[in-house]
Structure formats: structure tokens, C-alpha cells
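Structure assessment
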Amino acid sequence: MKVIVDFDRCESNAVCMGAAPEVFEVRDDDYLYILDENPSEALRPKVEEAARGCPKAAITIED
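Residues numbered from 1 in each chain as written. Predicted model: local features only at pLDDT ≥ 70, side-chain atom pairs only at ≥ 80, totals over all residues. Heavy atoms only, no water.

1. Points about the nonpolar core
If you look at the biggest cluster of nonpolar residues, it comprises 17 residues, and the most contacted ones within it are Val 23, Phe 24 and Ile 59. Those elements that provide at least two residues to this core are strand 1 (2-5), helix 1 (15-19), strand 2 (24-26) and helix 2 (44-53). Of all the elements, helix 2 adds the most residues to this core, at three residues. Setting aside residues up to four positions removed in sequence, Ile 59 forms contacts with Val 3, Ile 4, Val 5, Cys 16, Phe 24, Ala 50, Ala 51 and Cys 54. (Core = buried A, V, L, I, M, F, W, Y, C linked by side-chain atoms within 4.5 Å. Buried < 20%, exposed > 50% of the residue type's maximum accessible area, 1.4 Å probe, protein only. Helix = DSSP H or I, 4+ residues; strand = E, 2+ residues; numbered from the N terminus. Contact = heavy atoms within 4.5 Å.)

2. Observations regarding the packing of aromatic side chains
Taken as a whole and judged by the stated rule, the model has zero aromatic pairs. Over the ring of Tyr 33 we find Arg 27; its NZ or CZ atom is 3.9 Å from the centre of that ring. (Phe/Tyr/Trp six-rings, centres within 6.5 Å; stacked < 30°, edge-to-face > 60°. Lys NZ or Arg CZ within 6 Å of the ring centre and 35° of its normal.)

3. Observations regarding the side chain of Ser 12
Locating Ser 12 in the fold gives a position in the loop between strand 1 and helix 1. Within the structure, Ser 12 has its side chain in polar contact with the backbone nitrogen of Leu 32 (distance 3.2 Å). Other than its neighbours up to four places away in sequence, Ser 12 contacts Val 26, Asp 30, Tyr 31 and Leu 32. (Polar contact = N/O pair within 3.5 Å; in protein donor to acceptor, adjacent residues only side chain to side chain.)

Structural data, given as C-alpha cells:
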């Protein structure tokens with residue numbers, strides 16, 4: 001799986017970080033960082049929750 005973030009849409013509100021902190025991080029500079037663009041399948045439920053919860057629908061998952 002590959003995690004893709006549309007940074008033009010992203011507001012760095014950290015909803016995704018709450019759902020999948022192993023994959024997403026909003027740092028002190030208020031920007032979102034993808035910690036793992038290709039997380040393990042074990043993290044799929046968390047990544048899917050992050051994508052569903054994103055208020056700007058900026059996260060997509062490719063298989």
C-alpha cells in the first residue's frame with residue numbers, strides 16, 4: 001500500500017496523526033509529514049481511518 005497526501009488540500013489539522021501516528025506527523029512547523037509512505041498491511045485499518053477522517057479528503061491509498 002502507498003499513502004498519498006494532496007498537500008494542496010491538506011490543512012495539517014492532525015486528524016490523520018490521531019488515527020495513525022506511525023504514518024503521519026504534524027510537527028512544530030505546523031506541516032504534515034508522512035513518516036512511512038509504504039506502511040505495512042498491519043497498519044491498513046489505521047491508515048484507512050485517517051483517510052476517512054480527513055476533513056479535506058487529502059489522503060488516498062494506492063494498492
